[in-house]
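# Remarks on the overall topology
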Amino acid sequence: MEHSSVFGTLWAGLGLGAFYLALTWVNLLLGHFLTPLFLIPMTWLQDAVNAKKG
């Protein structure tokens, strides 16, 4: 029979909470910094297409 104390459960909970907080933070930063890298060239392409039409 295994025995885990309350402190072990709290320690694991804190570790998992920190992991998911860091994961969320990294995903927010990636979305914040990578989105312009795709949007800006897309606007250049749209301007080029609109210039050919006009």
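Below is a summary of the structure that appears in this document. (Residues numbered from 1 in each chain as written. Predicted model: local features only at pLDDT ≥ 70, side-chain atom pairs only at ≥ 80, totals over all residues. Heavy atoms only, no water.)

Right, let's get into the overall build of the protein chain. Counting its secondary structure elements, the protein chain contains one helix and zero strands. Here the C-alpha radius of gyration of the protein chain, 23 Å, is well above what a compact globule of 54 residues would show, namely 10 Å. With the C-alpha coordinates aligned to their principal axes, the bounding extent of the protein chain is approximately 75 × 20 × 10 Å. Buried residues in the protein chain amount to 0% of all 54 residues. Accessible area for the protein chain stands at about 5400 Å²; split by element, carbon and sulfur atoms hold 76% of it. (Helix = DSSP H or I, 4+ residues; strand = E, 2+ residues; numbered from the N terminus. Rg over C-alpha atoms; globule rule 2.2 N^0.38 Å. Buried < 20%, exposed > 50% of the residue type's maximum accessible area, 1.4 Å probe, protein only. Areas by Shrake-Rupley, 256 points an atom, 1.4 Å probe, with all protein chains shown as cover.)

Per the stated rule, a full pass over the model turns up one aromatic pair. Taking 5.1 Å as the distance between ring centres and 70 degrees as the angle between the ring planes, the aromatic pair formed by Phe19 and Tyr20 counts as edge-to-face. Residue class for Phe19 comes out partly exposed when judged on its relative accessible area of 47%. (Phe/Tyr/Trp six-rings, centres within 6.5 Å; stacked < 30°, edge-to-face > 60°.)

For Ser5, the location among the structural elements is in the segment before α1 (6-53). Ser5 sits 47 residues away from Lys52 along the chain, and the two C-alpha atoms are 70 Å apart.

Before going further, it helps to spend a moment on α1. End to end, α1 covers 69 Å across 48 residues, agreeing with the expected 70 Å (1.5 Å per residue, within 8%). Of all the bends in α1, the greatest reaches close to 30 degrees and is centred on Leu34; the proline Pro36 follows between one and four positions later. (Expected span 1.5 Å × (residues − 1). Bend = angle between axes of the 7 residues up to and from the residue.)

Nothing here speaks to function; it is geometry throughout.
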